[in-house]
Amino acid sequence: METAQQAAQQAAMAVGLAVVDLAMRGEFAAIEARFAPRLRVALPAGGLRKAWETEIGVIGAELRRGEPTAEDIAPGLVRVRVPLTGRHGGLTVLMGIDAEGALQGLRLDGAGGGGSAWAAPAYADPGRFEEREVVLDAGLGPVTGVLTLPRVGAEAAPSASAASAPSAATAGPAPGVVLLSGAGPFDRDGTAGPLKPLKDLAWGLASRGVASLRFDKVTGVHADRVAATPGFTLADEYVPHAVAAVRALQGAPGVDPARVFVLGHSAGGKVAPRVAAAEPSVAGLVLFAADAAPMNHAAVRVFRHIAALTPGLGAEAEAAIAELERQAARVDSPDLAADTPGAELPLGLSGAYWLDLRGYDPVATLAALDMPALLLQGGRDYQVTVADDLALWRAGLDGRPGVTVSVHERADHLFFMGDGPATPADYAVPGHVDGGVVAEIAEWITAQRL
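## Quick word on the overall build of the protein chain
Per the secondary structure count, the protein chain includes 15 helices and 13 strands. By the compact-globule yardstick of 22 Å for 450 residues, the protein chain fits well, its C-alpha radius of gyration being 22 Å. The C-alpha extent of the protein chain, read off along each of the three principal axes, is 60 × 55 × 50 Å. Looking at the protein chain as a whole, 55% of its 450 residues are labelled buried. In the protein chain, the share of contacts with a sequence separation of at least 24, taken over all contacts with a separation of at least 6, comes to 68%. Per element, the accessible surface of the protein chain, about 17600 Å² overall, is 56% carbon and sulfur. Measuring between centres, the 36 positive side-chain charges of the protein chain sit 3 Å from its 51 negative side-chain charges.

## Describing the confidence of the model for the protein chain
Interpretation of this model should avoid reading the predicted coordinates in detail wherever pLDDT is low. Averaged over every residue, the pLDDT of the protein chain is 88; residues scoring 70 or more account for 91%. Every residue in residues 154-170 scores below 50 in pLDDT, and together they form 38 contacts with partners more than four places removed in sequence or on other chains.

## Considering the pairing of strand 10 (residues 255-265)
Counting buried residues along strand 10, nine of its 11 residues qualify, which places the element largely inside the surrounding structure. When strand 8 (residues 174-180) meets strand 10, the two strands line up parallel, connected through six bridges. Residue Gly176 lies in a different strand from strand 10, and its bridge partner there is Val260. Viewed along the sheet, the connection from strand 10 through helix 9 (residues 267-278) into strand 11 (residues 285-288) turns out right-handed.

## Side note on unusual backbone geometry
Among all residues except glycine, the phi angle is most often negative; among peptide bonds, the trans geometry is most common. Notably, Leu347 is not glycine yet its phi reads approximately 65°, a positive angle. As for its placement among the helices and strands, Leu347 is situated in the loop between helix 11 (315-332) and helix 12 (351-358). Here the phi dihedral of Phe415 falls at roughly 60°; this positive angle occurs in a residue that is not glycine. By the secondary structure assignment, Phe415 is in the loop between strand 13 (403-408) and helix 15 (435-447).

## Notes on the pairing of strand 13
Where strand 12 (residues 373-378) and strand 13 come together, six bridges link them in parallel fashion. Considered in strand 13, the bridge of Leu376 is made with Ser406. Crossover connection from strand 12 via helix 14 (residues 386-397) to parallel strand 13: handedness right-handed.

## Focus: the environment of Gly127
Inspection of the secondary structure assignment puts Gly127 in the loop between strand 5 (103-110) and strand 6 (129-138). The class for Gly127 is partly exposed, based on a relative accessible area of 32%.

## Side note on the nonpolar core
Within the largest apolar cluster, 53 residues are counted, with the highest numbers of intra-cluster contacts made by Leu180, Leu249, Val262, Leu285 and Trp393. Among the elements that make up this core, the one with the highest residue count is helix 8 (residues 234-250) (nine residues). Non-local contacts of Val262, meaning those with residues more than four positions away in its chain, are made with Val177, Val178, Leu180, Val246, Ala272, Val275, Val282, Gly284, Leu285 and Val286. Among the nonpolar cores identified, the runner-up in size contains 33 residues, and Ala206, Phe288, Ala289 and Val438 belong to it.

## Let's talk about the packing of aromatic side chains
Evaluated as defined, the whole model comprises four aromatic pairs. An angle of 20° between the planes, with centres 4.2 Å apart, marks the rings of Phe288 and Phe415 as stacked. A residue pair is termed long-range when its members are at least 10 positions apart, and Phe288 in strand 11 and Phe415 in the loop between strand 13 and helix 15 qualify at 127 residues. There is no split in this pair, since Phe288 and Phe415 are both buried. Taking NZ or CZ as reference, Arg274 lies 4.8 Å from the ring centre of Tyr360, over its face.

## Regarding the pattern of salt bridges
The full count for this structure, using the stated rule, is 25 salt bridges. We note a salt bridge from Glu237 to Lys217, for which the minimum N-O separation is 2.6 Å. Taken together, the positions of Glu237 in helix 8 and Lys217 in the loop between strand 9 (211-215) and helix 6 (218-221) put the pair 20 residues apart, joining distant regions of the chain. By the burial criterion, Glu237 is buried, and Lys217 matches it. Note that Arg274 is salt-bridged to Asp356, the shortest N-O span being 2.7 Å. With a gap of 82 residues between them, Arg274 in helix 9 and Asp356 in helix 12 connect regions that are remote in the sequence. Beyond isolated ion pairs, a larger network of salt bridges with shared partners links Glu131, Asp189, Lys196 and Arg214.

## Quick notes on the sheet that holds strand 11
Across the sheet, which stays open at both edges, the eight strands sit in the order 6-7-9-8-10-11-12-13 with mixed pairing between neighbours. Of all the strands in the sheet, the pair left with one neighbour each is strand 6 and strand 13. Neighbouring strand axes in the sheet, compared pairwise and without regard to direction, differ in orientation by 20° on average. Bridge count between strand 11 and strand 12: four bridges; the pairing is parallel. Across the sheet, the residue bridging to Val286 is Leu374, located in strand 12.

## Describing helix 9
With 12 residues, helix 9 extends 17 Å between its outermost C-alpha atoms, agreeing within 8% with the 16 Å of an ideal straight helix rising 1.5 Å per residue. Burial analysis of helix 9 places nine of its 12 residues in the buried class, the great majority of the element.

## A few points about the side chain of Asp98
By the element assignment, Asp98 lies in strand 4 (residues 90-98). Arg34 is the oppositely charged side chain nearest to the buried, salt-bridge-free Asp98, at an N-O distance of 9.4 Å. Contacts of Asp98, omitting those with residues within four sequence positions, involve Gly76, Leu77 and Gln104.

Definitions and cut-offs
Per chain, the residues get numbers from 1 upward, laid out in the order the sequence is written. Side-chain atom pairs in this predicted model are given and counted only at pLDDT of 80 or more, local residue features only at pLDDT of at least 70, and totals for whole chains, interfaces and linings cover all residues. Hydrogens and water molecules were not included; the side-chain quantities draw on all heavy atoms of the structure. Helical segments are the DSSP runs of H or I of at least four residues, strand segments are the runs of E of at least two, and each set is numbered from the N terminus. It is over C-alpha atoms that the radius of gyration is taken, and the globule rule equals 2.2 Å times the number of residues to the power 0.38. Buried residues are those whose accessible area, probed at 1.4 Å on protein chains only, stays under 20% of the maximum for their type, while exposed residues exceed 50% and partly exposed ones sit between those limits. Two residues form a contact once any of their heavy atoms are found within 4.5 Å. Using a 1.4 Å probe, the Shrake-Rupley method yields the accessible areas, and only the shown protein chains count as cover for residues. Charged residues are defined narrowly, with Lys and Arg counted positive, Asp and Glu counted negative, and His plus the chain ends left uncounted. Lysine's charge is taken at NZ, arginine's at CZ, aspartate's at CG and glutamate's at CD. The quantity called pLDDT is the predictor's confidence in a given residue, expressed from 0 to 100. Strand pairing is defined by DSSP finding a minimum of two bridges between the two strands. A crossover counts as right-handed when, viewed with the strands pointing away from the observer, the path leading from the first strand over the helix to the second turns clockwise. We define a nonpolar core as any set of buried Ala, Val, Leu, Ile, Met, Phe, Trp, Tyr and Cys residues linked to one another through side-chain atoms lying within 4.5 Å. Pairs were defined over the aromatic rings of Phe, Tyr and Trp, the Trp ring being its six-membered one, requiring ring centres within 6.5 Å. Orientation was assigned from the angle between planes: stacked under 30 degrees, edge-to-face over 60, tilted for the rest. Our definition puts a charge over a ring when NZ of Lys or CZ of Arg is within 6 Å of the ring centre and also within 35 degrees of the ring normal. A carboxyl oxygen of Asp or Glu within 4 Å of a side-chain nitrogen of Lys or Arg is what we treat as a salt bridge. In this analysis an axis means a line fitted to C-alpha atoms, helices contributing only their contacting stretch, and an angle means the value between N-to-C directions, from 0 to 180 degrees. Each helix should span, by expectation, one fewer than its residue count multiplied by 1.5 Å.

As structure tokens, then:
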């Protein structure tokens, strides 16, 4: 007999297949009609068509649809994955579908975690490093990661694309850095559509003599276990595998175990001080667009920013934001409990997750650590901002030795350079982390002599 859970997943998969069929026929208005109000604000009209056409331009036409899969990610919310194969590659359509069949989230990921449009940035020279897979068995279960190790010994011949990079040949062990992506079910590369910011960093740093380890997140690899863990928190999402990654990188051949750092992007930067507090051997931190403001209030600010970029949403946008404000207020309420359903709270995260966040002060945690830190911030970043987040880091770390702050005015949240307001649609355009930013990180890490 089919259970209620199985019936809900079957219904969600039927919606997911219908959405993919509409996209294959180019009927994007019909898909947008299925958007929940919050998604309508987050993904402006035309954004899905642009992202779809970008991905299909990479994988080619003659699309073939595979079998969908489904998993519960919160009460009343199912994640559906529908694979597609084109002439030159594949992608996966990921959708969050609620009990009414509305789309609460939608993302296009290339084959193998997305980003089939990715090509090596000009500052990376694959001849200067090698990669090997590792397994990190911690927390809710094992995840796979990639060690990126500079070649030791004879200097690799520089390519035209990396002629300006210094030699990766090292006279002694190389420093290393563990890379942490933002919140959510990211793969090892931090893939978002055609973008792979963590892979950019790993390849660029290795071309400059800095080893790294990046890994698939537990929220993607073990989504079923995460959904079945009522008390799952930010610490569970990051700390066990990050600590395992630090220790694995310390034991990697050619890496100086005394000079292994942690670089966290966005929520990964927020949690990086917590990782360092749990693993005192961490040599220092790189906070890469790290948020410090309360995340429930930041979510409201971000949605207001996006709504302002999309004239015409009017009352619908205000209703979605008003609901988000009510949910954000529940996070601040003394009545918040670990078992408060995610459906009543921002971003669908559970009461336990928000209680953990509410009790964690990343700025104070870093201030109490005796280690150097580099804080990088983009001036065009609307998700983590100079005014709302960097200001808190600066105030809490004022006068603390060993802290370097670097603001890149033309950089967005991923440290892609541009002009004018950054928008969600930017994530559908292939690009790379700025080479100057990569060089700055490599030089700072190399300069830390402990």
